[in-house]
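Here is how the chains run, residue by residue.
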Amino acid sequence: MKFIKYIASIIVAISISTMAQAVEIKMAKANWDTGYFQAEVYKQALEKMGYTVAEPKAMKPSVFYLAAAAGDLDLWVNGWFGTHDGYIAETKGKVKAVGSVMTKGGLQGYLVDKKTADKFGIKSVMDIKKHAKQFDSDGDGKADMVACPPGWGCEKKITKHFAELGLGDFINQVKADYSASMADAIAKYKNGKSVLFYTWTPNWTVGALELGKDIVWIEVPYSETKSVKVANATKSKINMGFDADDIRPAANVDFLKANPKVEKMLKKASIPLADIAAQNMKMNQGEKSERAIKKHASAWIKANQSTFDSWLK
């Protein structure tokens with residue numbers, strides 16, 4: 001009888017130990033769909049390491065960094081640095097960027113359709129002033145530009161552009177749901193109308209509208225950024241108004257200290273720009289359900305198994 005009780009106590013102890021080891025990670029993901037794929041690949045990596053990962057909730061950066069600083073969330077892999085540098089600073093050392101999903105892969109800027117740019121000689125956002133009616137959808141005389149929803153890091157930078165360059169005098173920002181606004185812009189373009197919008201890469205928008213053929217980057221002469229060589233722009237070197245960002249994971253510092261294996265994995269992992277862009281195009285072609293994105297992530301892992309396994313060692 002004592003032996004049976006002894007065995008039972010060992011089983012209970014093992015069960016408690018196993019439960020303690022099965023740490024649940026509270027993960028988030030960006031509320032722009034071009035970041036869902038990366039989030040799912042990293043989620044599956046964490047699960048392969050033995051962690052339980054709560055289904056990531058989509059949210060804007062301003063919410064994520066506050067929640068991560070408070071310990072309500074542990075991490076996400078959708079940080080854009082330097083656009084999100086300010087958010088990190090506001091956490092006062094409680095959240096940090098770690099590793100890199102993709103270095104210098106986050107190109108951002110303003111674009112117009114090439115036909116309109118060629119016809120009116122538009123090379124800079126400042127040239128829009130003379131031709132604002134060309135991009136006016138609501139009849140108020142100002143150009144309408146698809147911009148960033150409130151709470152996104154790019155919204156802060158665009159606000160600075162508007163303040164410094166006086167863009168609000170002749171451009172209205174469309175801040176509604178980004179995907180829906182871009183779908184509307186693409187429909188307008190296909191109906192022969194001029195379009196003006198902000199976007200980033202990788203993104204399905206530059207697949208639905210082909211860079212260099214349908215659309216071109218235009219200059220944003222912002223004082224805090226410099227001219228760089230950019231393909232498919234109105235000039236060989238332009239000021240994009242944004243520096244090329246690094247897409248990086250960001251996590252609660254205490255969480256990383258308690259889970260050094262996670263930090264080590266985040267430092268090893270990365271996904272090529274071309275692979276993210278290819279997945280984004282699949283979403284644009286209709287494969288955008290949660291189930292489809294999980295399938296894309298699993299297929300990418302299988303195709304890159306040795307690389308994926310190296311993250312976990």
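Whatever comes next refers back to the structure up there.
The shown structure was predicted, so the numbers you read here are calculated from the model rather than taken from an experiment.

**So, the environment of Asn-239**
Here's step 1: With respect to the secondary-structure elements, Asn-239 resides in strand 13 (residues 237–239).
Here's step 2: With 36 residues separating them in the primary sequence, Asn-239 and Asn-203 have C-alpha atoms 20 Å apart.
Here's step 3: Those residues within four positions of Asn-239 in sequence are excluded, and the remaining contacts are Ile-218, Glu-219, Val-220, Pro-221, Tyr-222, Thr-225, Lys-226 and Ser-227.
Here's step 4: A distance of 2.9 Å separates a polar atom in the side chain of Asn-239 from the backbone nitrogen of Gly-241.

**As for the pairing of strand 9 (residues 171–174)**
Here's step 1: With 4 bridges connecting them, strand 8 (residues 143–146) and strand 9 associate as parallel partners. The partner of Met-145 across the bridge, within strand 9, is Gln-173.
Here's step 2: Considered for its hand, the β-α-β crossover made up of strand 8, helix 6 (residues 153–165) and strand 9 is right-handed.

**Things to note about the packing of helix 2 (residues 36–48) against helix 12 (residues 290–303)**
Here's step 1: At their nearest, the axes of helix 2 and helix 12 sit 9 Å apart, and the two run at 60° to each other. If you check the angle between helix 2 and helix 12, you find them oblique. Viewed along their axes, helix 2 and helix 12 form a crossing whose handedness is right-handed. Residue-level contacts link Tyr-36, Phe-37, Glu-40, Val-41, Lys-43 and Gln-44 of helix 2 to Ile-293, Lys-294, His-296, Ala-297, Ser-298, Trp-300 and Ile-301 of helix 12.
Here's step 2: Across the contact of helix 2 with helix 12, the residue classes break down as 7 nonpolar, 3 polar and 3 charged.

**Section: empty space enclosed by the protein**
A water-sized probe, rolled over the atoms, reveals where empty space remains.
Here's step 1: All chains considered together, the criterion is met by 2 cavities of 30 Å³ or more.
Here's step 2: Of the pockets and cavities examined, the largest cavity occupies roughly 110 Å³.
Here's step 3: Along its surface, the largest cavity is lined by Trp-32, Trp-80, Thr-83, His-84, Gln-108, Trp-152, Gly-153, Cys-154, Tyr-198, Trp-200 and Asp-245.
Here's step 4: Contributing elements (two or more residues each) for the lining of the largest cavity: helix 6 and strand 10 (196–201).
Here's step 5: Taken together, the residues of the lining of the largest cavity break down into 6 nonpolar, 4 polar and 1 charged.
Here's step 6: The residues that make up the lining of the largest cavity include at least three from each of domain 1 (2–104 + 247–312) and domain 2 (107–239).
Here's step 7: Of the voids in this model, the second largest cavity is the one considered here, and its volume is about 50 Å³.
Here's step 8: Lining the second largest cavity, in full, are Trp-32, Thr-34, Gly-35, Gln-38, Asn-78, Trp-80, Trp-200, Pro-202, Ile-247 and Ile-276.
Here's step 9: For the lining of the second largest cavity, the class distribution of residues is 6 nonpolar, 4 polar and no charged.

**Things to note about helix 7 (residues 178–190)**
Here's step 1: In this model helix 7 runs 18 Å from its N-terminal to its C-terminal C-alpha over 13 residues, within 8% of the 18 Å that 1.5 Å per residue would give.
Here's step 2: Turning to helix 7, its buried residues are Tyr-178, Ser-181, Met-182, Ala-185 and Ile-186. Mapping the buried residues of helix 7 onto a view down its axis gives an arc of 140°, with all of them on the same face.
Here's step 3: Packing partners of the buried residues in helix 7 comprise strand 8, strand 9, strand 10 and helix 8 (205–208).
Here's step 4: You can read the cap of helix 7 off the contacts: a side-chain oxygen lies 3.4 Å from the backbone nitrogen of Ser-179, and it is on Asp-177.
Here's step 5: At the exit of helix 7 stands Gly-192, carrying a positive phi of roughly 85°.

The rules behind the values
- Residues numbered from 1 in each chain as written.
- Predicted model: local features only at pLDDT ≥ 70, side-chain atom pairs only at ≥ 80, totals over all residues.
- Heavy atoms only, no water.
- Helix = DSSP H or I, 4+ residues; strand = E, 2+ residues; numbered from the N terminus.
- Contact = heavy atoms within 4.5 Å.
- Polar contact = N/O pair within 3.5 Å; in protein donor to acceptor, adjacent residues only side chain to side chain.
- Pairing = 2+ DSSP bridges.
- Right-handed = clockwise from strand over helix to strand, strands pointing away.
- Axes fitted to C-alpha atoms, helices over the stretch in contact; angles between N-to-C directions.
- Parallel < 35°, antiparallel > 145°, perpendicular 65-115°, else oblique.
- Left-handed = near helix turned anticlockwise from the far one by under 90°.
- Nonpolar A, V, L, I, M, F, W, Y, C, P; charged D, E, K, R; others polar.
- 1 Å grid on protein atoms, 1.4 Å probe; cavity = no way out; pocket = protein on both sides within 12 Å on 5 of 7 lines; lining within 4 Å.
- Points joined across faces, edges and corners; volume = space filled by probe spheres on them.
- Domains from an automatic or database assignment.
- Expected span 1.5 Å × (residues − 1).
- Buried < 20%, exposed > 50% of the residue type's maximum accessible area, 1.4 Å probe, protein only.
- Arc of directions from axis to C-beta.

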